[in-house]
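Here's the letter readout for the chains.
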Amino acid sequence: LFFPEFYVMAGGYKKFFESQEDMCKPAAYVPEADPRFRLRCRENTRLKKDDKIMMHKSRSAARSGSRTPMPSRSTSMGMLGMA
């Protein structure tokens, strides 16, 4: 994604929308906690937890110096039916 301009709004978008509705398109504000977005929020929360677990595992492996052994070329070729 590329955003040529990015603004951080004091008080968030909700506060901005409340005072500058005429500048917003579409002219509607839907809170994140809206029931229509409940499933999407749950999925995003699950994905964030999965990412944190993966980052933790990566850091732990890096600190311990352990690496998952890579199969040898001959093993890989055999698994592909090319040996």
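As a reminder, the structure under discussion sits directly above these lines.
The following refers to the structure shown. Everything quoted here is computed from the prediction, not taken from an experiment.

## What about the pattern of salt bridges?
- Under the criterion given, the structure shown has 2 salt bridges.
- D34 is the salt-bridge partner of R36, the closest N and O atoms lying 2.9 Å from each other.
- Assessed through its relative accessible area of 15%, D34 is described here as buried.
- A salt bridge links E43 to R46; its shortest N-O distance comes to 2.6 Å. Here E43 and its partner R46 are both found in helix α2 (residues 38–64), 3 residues apart, which amounts to about one turn of the helix.
- Residue E43 is classed as partly exposed on the basis of its relative accessible area, which comes to 35%.

Reading the values: the criteria
- Residues numbered from 1 in each chain as written.
- Predicted model: local features only at pLDDT ≥ 70, side-chain atom pairs only at ≥ 80, totals over all residues.
- Heavy atoms only, no water.
- Salt bridge = Lys/Arg side-chain N within 4 Å of Asp/Glu carboxyl O.
- Buried < 20%, exposed > 50% of the residue type's maximum accessible area, 1.4 Å probe, protein only.
- Helix = DSSP H or I, 4+ residues; strand = E, 2+ residues; numbered from the N terminus.

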